[in-house]
Amino acid sequence: MEFRQLEKRFSPDSLVLAVDTLDIPAGEFVSLVGPSGCGKSTLLRLVANLDQPTAGQLTLVDGQASERAFVFQDANLIPWRTAWENIQLPLELRGKLSHDDRNAIDTAIAMVGLRVEDSRKFPRMLSGGMRMRVSLARALVTQPSILLMDEPFAALDDLLRNQLNEQLLDLWQQQKWTTLFVTHNVAEAVFLSQRILVMHAQPGRIVADMEVPFAYPRRSQLRSDPDFARFCGQVMGKLAGVAAL
Ligand SMILES: Nc1ncnc2c1ncn2[C@@H]1O[C@H](COP(=O)(O)OP(=O)(O)OP(=O)(O)O)[C@@H](O)[C@H]1O
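Residues numbered from 1 in each chain as written. Predicted model: local features only at pLDDT ≥ 70, side-chain atom pairs only at ≥ 80, totals over all residues.

## Quick look at the pairing of strand β1 (residues 2-11)
Quick note on the threshold: DSSP calls a pair of strands paired once it identifies at least 2 bridges connecting them. Note on conventions: DSSP H or I runs of at least 4 residues are helices, E runs of at least 2 residues are strands, and numbering of each starts at the N terminus.
With eight bridges joining them, β1 and strand β2 (residues 14-23) adopt antiparallel strand pairing. Its bridge partner being in β2, serine 11 is matched across the sheet by serine 14. Hairpin remark: β1 followed by β2, antiparallel, with two residues in the connecting loop.

Written out as structure tokens, the structure is:
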């Protein structure tokens, strides 16, 4: 993913996002952190092709443009469809469902740890964590090469969030999507990512590009490692520097 002099304005006199040079290799897990309104979601929307830059270029190389999937903070499920039927939706939009599509749905359900009996339920019958698993399965069913996640676990309790973080990492290690993950939680960004981009507001710019020095697979014990706490402190320091600007 190559960003070159990329700019986004919503009106001529307000520059919301400016990314001069940024390269994200295929398969990398990158988190974006920064103050509210600094343009994190805008950057994700540009990568998702949900919005267009007003200047510059964003190039997706190596066939990455083929499939991009987006997971939002709100699971955004259709209430009158079962979980299974929600997951089926992106395949349905491509055309008539094939036998392979049905297998892909079953695989996605198994990947996110959803029970088959829960996949037959309607969203209102599922917990917040299960709804997020359905939302993730709906993103994964298309076998994306790019996964865009905008605070997907922010509404969940810490225990569940940690569990889902670990499961997400296991899946990423198997599937190696190029992943852009927006979060306000520094520990979550450090636990998940290979690289953290710290952003600054007005206009949204990347002010620090930090490599996370922990090997995969990462297990829950990492969260109580003093080196983990130290690195979180460094990221917090960059964020505090941004807030002080
Ligand atoms: N469609 C739009 N029209 C006008 N302004 C917009 C639009 N979308 C976003 N903005 C503005 O662009 C800026 C960046 O918004 P964005 O949602 O990308 O920030 P963010 O970093 O994701 O914020 P948060 O952490 O609060 O979710 C904000 O000032 C916002 O008001």
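## Digging into the site of the ligand
For the record, the criterion: A molecule or strand has a residue near it when that residue's C-beta atom, placed from backbone coordinates, lies within 6 Å of it. Three classes are used, and their members are as follows: Ala, Val, Leu, Ile, Met, Phe, Trp, Tyr, Cys and Pro are nonpolar, Asp, Glu, Lys and Arg are charged, and the others, Gly among them, are polar.
Around the ligand lies a shell formed by Phe10, Val16, Gly34, Ser36, Gly37, Cys38, Gly39, Lys40, Ser41 and Thr42. For the shell around the ligand, the per-class residue count stands at three nonpolar, six polar and one charged.

## Describing the sheet that holds strand β6 (residues 146-150)
To keep it simple, the criterion reads: Think of each axis as a best-fit line through the C-alpha atoms, taken over the contacting stretch in the case of a helix, with angles from 0 to 180 degrees between the N-to-C directions.
With mixed pairing, the six strands of this open sheet are ordered in space as β5-β6-β7-β3-β8-β9. Pairing within the sheet leaves two strands with one partner each, and these edge strands are β5 (68-71) and β9 (205-211). Geometrically, the sheet is characterised by an average inter-axis angle of 20 degrees between neighbouring strands, direction not taken into account. Alignment of β6 against strand β7 (residues 178-182), held across five bridges, turns out to be parallel. Considered in β7, the bridge of aspartate 150 is made with valine 182.

## Observations concerning the pairing of strand β3 (residues 29-33)
To be explicit about the condition: Every C-beta atom is placed from the backbone, and the number of other C-beta atoms within 10 Å of a residue's own sets its class: buried at 20 or more, exposed at 12 or fewer, partly exposed in between.
With five of its five residues buried, β3 lies for the most part within the structure. Pairing geometry for β3 and β7, over four bridges, is parallel. Residue phenylalanine 29 lies in a different strand from β7, and its bridge partner there is threonine 179. In the sheet, β3 pairs with strand β8 (residues 195-200) via four bridges, with the strands oriented parallel. Note that in β8 the partner of valine 33 across the bridge is valine 198.

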